[in-house]
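# Structural overview
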Amino acid sequence: MLAQDMFSLIEPYQTGRLQLDETHSMYWEVSGNPNGRPIVFLHGGPGAGAGPDHRRFFDPRHYRIVVFDQRGAGRSTPLGELTDNTTQHLIADIERLRDHLGIMRWHVFGGSWGSTLSLAYAQAHPERVSALIVRGIFLGSQAEIDWFLYGMGKVFPENWRNFAGAVPESERHDLLTAYRKRLNDPDPKVHLPAARAWSIYEGSCSTLLPNPQTVAAFGEERHALGLSRIEAHYFENHIFLPENALLDGLNRIRNIPAIIIQGRYDLVCPIATADALHRAWPEADYLVVPDAGHSAMEPGIRRALVAATERFKGVE
């Protein structure tokens, strides 16, 4: 393991694409031990995509590490496609990939939107989940969405002004509608500036201390477009789940070994949501990292996530 408490970067030994329907093709990869304990990484956003560093949370000698880009995100195509892109489609895609790889049960690991999808998938298919590691909890409530669009400006006023300033003042009372109109405009001169403004806003609020590398990554064109367009689509549709659905469905997963990891100063997905999940789900372990914001790459979050994957090595 490196000093940063993550495992060394490895390359996948297997990659492929699943044709999900007439529109969507999904990128997937497998790395680590071909005969190891299967674990699947669910990325955030929705729409953010996965990257090489996401393999580094897992001991490659022990785990068979499955990483994929959700429909419309990252290396999946078409980028930013909203047709047939719902939470229910993503749950079905995970099952299709599991079956394609011949995996009976696996550990599920997800942060931010990945925590949402992890919980939704586990509640839909509890028999397929041997353990859950969730971080930076987002449950998709209207209050959480409103916080992202407006509330973060109470702590990051400069960043929020840049975000809101990308649309005319007359439209700022409904930023979601204003952004969706621009993000879905076919003209790159319209949708790309809006995508970058949305994505940079999120990236610049994701770390406890300013991190120019994080902001630059969020400003990259493909990342920004996939993240902003799909995220706005899911926000507009209340993440395609009834309010409180994930809390109401906890009885289906109470017996699955699980840990909730949350940065104390997470401003993208504030700790009140993780606390609510913890109170409703006392069977899951709960760890608050005292010196961290939202990003999985915050040093304290990183160490906690690796410790969790190490601890769950013994879970069948």
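Now for a description of the structure that goes with this document. Note that the structure is predicted; figures quoted are calculated from it, not measured.

## Side note on the overall build of the chain
On a plain count of helices and strands, the chain comes out with 11 helices and eight strands. For 316 residues, the compact-globule estimate of 2.2 N^0.38 gives 20 Å, and the C-alpha radius of gyration of the chain, at 18 Å, lies within 12% of that figure. With respect to the three principal axes, the spread of C-alpha positions in the chain is 55 × 45 × 40 Å. Here the contacts in the chain between residues at least 6 apart in sequence split such that 72% fall between residues at least 24 apart.

## Quick word on the layout of surface pockets
Taken as a whole, the largest pocket holds about 910 Å³ of empty space. Of all the secondary structure elements, the ones that give two or more residues to the lining of the largest pocket are strand 3 (37-42), strand 5 (106-111), helix 7 (212-219) and helix 8 (221-236). The biggest single contributor to the lining of the largest pocket is helix 7, with four residues. Its residues assigned to classes, the lining of the largest pocket comprises 15 nonpolar, 18 polar and six charged.

## A short note on the side chain of glutamine 123
Considering the arrangement of structural elements, one finds glutamine 123 in helix 2 (residues 113-124). Classification of glutamine 123 by relative accessible area gives buried; the value is 9%. In this structure, glutamine 123 is in contact with Ala245, Leu246, Gly249, Leu250, Arg252 and Ile253, ignoring residues within four places of it in sequence.

## Remarks on the sheet that holds strand 6 (residues 129-135)
With mixed pairing, eight strands are arranged side by side in an open sheet as 1-2-4-3-5-6-7-8. Looking at the sheet topology across the chains shown, the edges are occupied by strand 1 (14-19) and strand 8 (285-289). Across the sheet, the mean angle from the axis of one strand to that of its neighbour is 20 degrees, orientation sign disregarded.

## Points about empty space enclosed by the protein
Using the criterion set out here, one finds three cavities of 30 Å³ or more in the structure. Here the largest cavity is characterised by a volume of approximately 80 Å³. Lining the largest cavity are Gly45, Ser112, Trp113, Phe138, Glu144, Phe148, Glu202, Glu231, Phe235, Val268 and Cys269. Those elements that provide at least two residues to the lining of the largest cavity are helix 3 (142-149) and helix 8.

## A short note on the packing of helix 4 (residues 157-164) against helix 6 (residues 188-204)
It is the contact of helix 4 with helix 6, at a shortest axis distance of 9 Å, that shows an interaxial angle of 170 degrees. Of the possible angle classes, the one that applies to helix 4 and helix 6 is roughly antiparallel. Note on element contacts: helix 6 touches helix 4 through Ala197, Trp198, Tyr201 and Ser204, opposite Asn159, Trp160 and Phe163. Here the residues of the contact of helix 4 with helix 6 are counted per class, giving five nonpolar, two polar and no charged.

## Notes on the nonpolar core
Core analysis: the largest hydrophobic core is formed by 71 residues, its most contacted members being Leu132, Trp198 and Trp281. When sequence neighbours within four positions are dropped, the list of residues in contact with tryptophan 281 reads Leu119, Leu132, Leu250, Ile253, Arg254, Ala258 and Ile260. Grouped together as the second largest cluster of nonpolar side chains are 25 residues, Phe57, Tyr63, Ile65 and Ala292 included.

## Focus: helix 8
It helps to recall that an α-helix has 3.6 residues per turn; residues three or four apart then point in one direction. The end-to-end C-alpha separation of helix 8 is 22 Å, in line with the 22 Å expected for 16 residues at 1.5 Å each. Helix 8 sits mainly inside the fold: 13 of its 16 residues count as buried. One side-chain oxygen at the N-terminal end of helix 8 lies 3.1 Å from the backbone nitrogen of arginine 222; it belongs to glutamate 220. Of the residues trailing helix 8, histidine 238 is marked for its positive phi of about 55 degrees.

## Remarks on the environment of arginine 37
Checked against the element boundaries, arginine 37 lands in strand 3. Ignoring sequence-local partners within four residues, the contact set of arginine 37 consists of His62, Tyr63, Arg64, His107, Lys313, Val315 and Glu316. Within polar-contact distance, the side chain of arginine 37 engages the backbone oxygen of valine 315 at 3.2 Å.

## Comments concerning the pairing of strand 8
Relative to strand 8, strand 7 (residues 258-263) runs parallel, the two being bridged by five bridges. In the sheet register, isoleucine 259 faces strand 8, and the bridge partner there is aspartate 285. Handedness of the crossover joining strand 7 and strand 8 through helix 10 (residues 271-280): right-handed.

## Re the pairing of strand 5
By the criterion of burial, strand 5 is predominantly enclosed, with six of the six residues buried. Across four bridges, the pairing between strand 3 and strand 5 is parallel. Looking at the pairing, valine 40 lines up with valine 108 of strand 5. Where strand 5 lies against strand 6, six bridges are found, and the strand directions are parallel. Across the sheet, tryptophan 106 pairs through a bridge with valine 129, a residue of strand 6. In this fold, the crossover linking strand 5 to strand 6 by way of helix 2 has right-handed handedness.

The rules behind the values
- Residues numbered from 1 in each chain as written.
- Predicted model: local features only at pLDDT ≥ 70, side-chain atom pairs only at ≥ 80, totals over all residues.
- Heavy atoms only, no water.
- Helix = DSSP H or I, 4+ residues; strand = E, 2+ residues; numbered from the N terminus.
- Rg over C-alpha atoms; globule rule 2.2 N^0.38 Å.
- Contact = heavy atoms within 4.5 Å.
- 1 Å grid on protein atoms, 1.4 Å probe; cavity = no way out; pocket = protein on both sides within 12 Å on 5 of 7 lines; lining within 4 Å.
- Points joined across faces, edges and corners; volume = space filled by probe spheres on them.
- Nonpolar A, V, L, I, M, F, W, Y, C, P; charged D, E, K, R; others polar.
- Buried < 20%, exposed > 50% of the residue type's maximum accessible area, 1.4 Å probe, protein only.
- Pairing = 2+ DSSP bridges.
- Axes fitted to C-alpha atoms, helices over the stretch in contact; angles between N-to-C directions.
- Parallel < 35°, antiparallel > 145°, perpendicular 65-115°, else oblique.
- Core = buried A, V, L, I, M, F, W, Y, C linked by side-chain atoms within 4.5 Å.
- Expected span 1.5 Å × (residues − 1).
- Polar contact = N/O pair within 3.5 Å; in protein donor to acceptor, adjacent residues only side chain to side chain.
- Right-handed = clockwise from strand over helix to strand, strands pointing away.

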